[in-house]
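# Structural features, examined
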Amino acid sequence: MPTLRIEPQLLESLTAVELGHAAQTGDRALVRDYHSFADPVYERCAPAERDKAFAQLHLVWFEQRGWRKWFGARWAEFPELAARAAGLLLLEARWKQEEGAVLGRDSTGVCLRVLPIRFANRAQFEVFVRHEFLHACDMLDPAFGYRIEHSEPCSAANASAERYRALWCAYVDARMTRRGFVSLVQPDTHRRALAHAFSALTAAQQTALFEQVWNAATLTHAELYERARRLEDKRTNAPRPGTRCPLCFFPTFDWASNIAPAVARSIRADFPTWDVSNGACARCVERYELTIHG
Ligand SMILES: [Zn+2]
Ligand SMILES: [Zn+2]
């Protein structure tokens, strides 16, 4: 790994977590080690210097516990990271929603925010870090084309961000499985998360969406974002009974339930800005069906 930096706050917290865990599980040796190591600081250092001395001590502890090596080993499991990222910065998350990988301001470093409690269980932490590293690989991959979208109003943005996250996490875990790693959560959990995020879709549509994302060899940010957003468009533009048909401008209570792609193409030839999600009255659609069949 090129560089690993860790925020002092996280160093302090993870040391406390490891000691707490050791005390709970009866690992006296670890607690003793720490005290033989830390207690002299109280004797040696004046109160004003202790903070600095402890910060250094926690860094040594981090090394001695093998964490730097451990992160290096996870990093090495993703050749894309070694090729594209300059380094890793570890930061403390205060709550679960804050956790996860993002790119640094220069877009080459990976910042990983984690809850200190993760350091108590290496096996579970490993799965979490790999999952986040694969998100980071996507963000660094020009073919994935990650970008932060600013185009939507806030209320819509929150809902589509939740859907985007559900799709992306499923896509990440599917590839974890194919690489022979344990996935962060089970496929069924992703299926349920997608069903929840896409509650406006029918059960069959939700299943189809899950299968698409779970089995896709490659997806791009734009494709995921499009899937997450499309629903919003449908919802806001869904024709309501009594509103005007965009083609004949008559108020209609009889919206066409299904518009075949060939019919949609022929409508668009006359109305270039029209889209299936705008809908059309049954009479207009019938008329276009006749023109393409006749
Ligand atoms: Zn995820
Ligand atoms: Zn019409």
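What comes next is a walk through the structure. Since the model is a prediction, treat every value here as computed from it, not as a measurement.

### Things to note about the sheet that holds strand E2 (residues 87-92)
Picture the strands of a sheet paired through backbone hydrogen bonds; they go either parallel or antiparallel. Strands sit in the order E1-E2-E4-E3 across an open sheet of four strands; the sheet is mixed. The two strands at the open ends of the sheet, each matched to only one other strand, are strand E1 (4-6) and strand E3 (100-103). Across this sheet, the average inter-strand angle for adjacent strands is 20°, counted without regard to direction. Those strands touched by helix H4 (residues 67-76) are E1, E2 and strand E4 (109-114), and its axis lies near 120° from that of E2.

### Focus: the coordination of the zinc ion (ligand 1)
Summarising the metal site, the zinc ion (ligand 1) is bound by the protein donors His131 (NE2), His135 (NE2) and Cys169 (SG), whose distances to it range over 2.1 Å. Mapped onto the polypeptide sequence, the residues donating to the zinc ion (ligand 1) form the spacing pattern H-x3-H-x33-C. Placement of the pair is His131 in helix H6 (residues 122-140) and Cys169 in helix H7 (residues 154-178), with a sequence separation of 38 residues. There is no split in this pair, since His131 and Cys169 are both buried.

### Considering the coordination of the zinc ion (ligand 2)
Protein coordination of the zinc ion (ligand 2) is provided by Cys245 (SG), Cys248 (SG), Cys281 (SG) and Cys284 (SG), with donor distances spanning 2.2 to 2.4 Å. Angles of 103 to 115° at the metal separate the four donor atoms of the zinc ion (ligand 2), which places the site in the tetrahedral class. Read in sequence order, the donor residues for the zinc ion (ligand 2) give the motif C-x2-C-x32-C-x2-C. With Cys248 in the loop between helix H10 (221-237) and helix H11 (261-270) and Cys284 in helix H12 (residues 282-293), this residue pair connects regions lying 36 residues apart in the sequence. On the basis of relative accessible area, Cys248 is assigned to the partly exposed category, the value being 25%.

About the thresholds
Residues numbered from 1 in each chain as written. Chains lettered and ligands numbered in written order. Predicted model: local features only at pLDDT ≥ 70, side-chain atom pairs only at ≥ 80, totals over all residues. Heavy atoms only, no water. Pairing = 2+ DSSP bridges. Helix = DSSP H or I, 4+ residues; strand = E, 2+ residues; numbered from the N terminus. Axes fitted to C-alpha atoms, helices over the stretch in contact; angles between N-to-C directions. Contact = heavy atoms within 4.5 Å. Donors = N, O, S within 2.8 Å, 3.2 Å for Na, K, Ca; no water. Buried < 20%, exposed > 50% of the residue type's maximum accessible area, 1.4 Å probe, protein only. Tetrahedral: all angles 85-135°; square planar, octahedral: opposite > 155°, others 65-115°.

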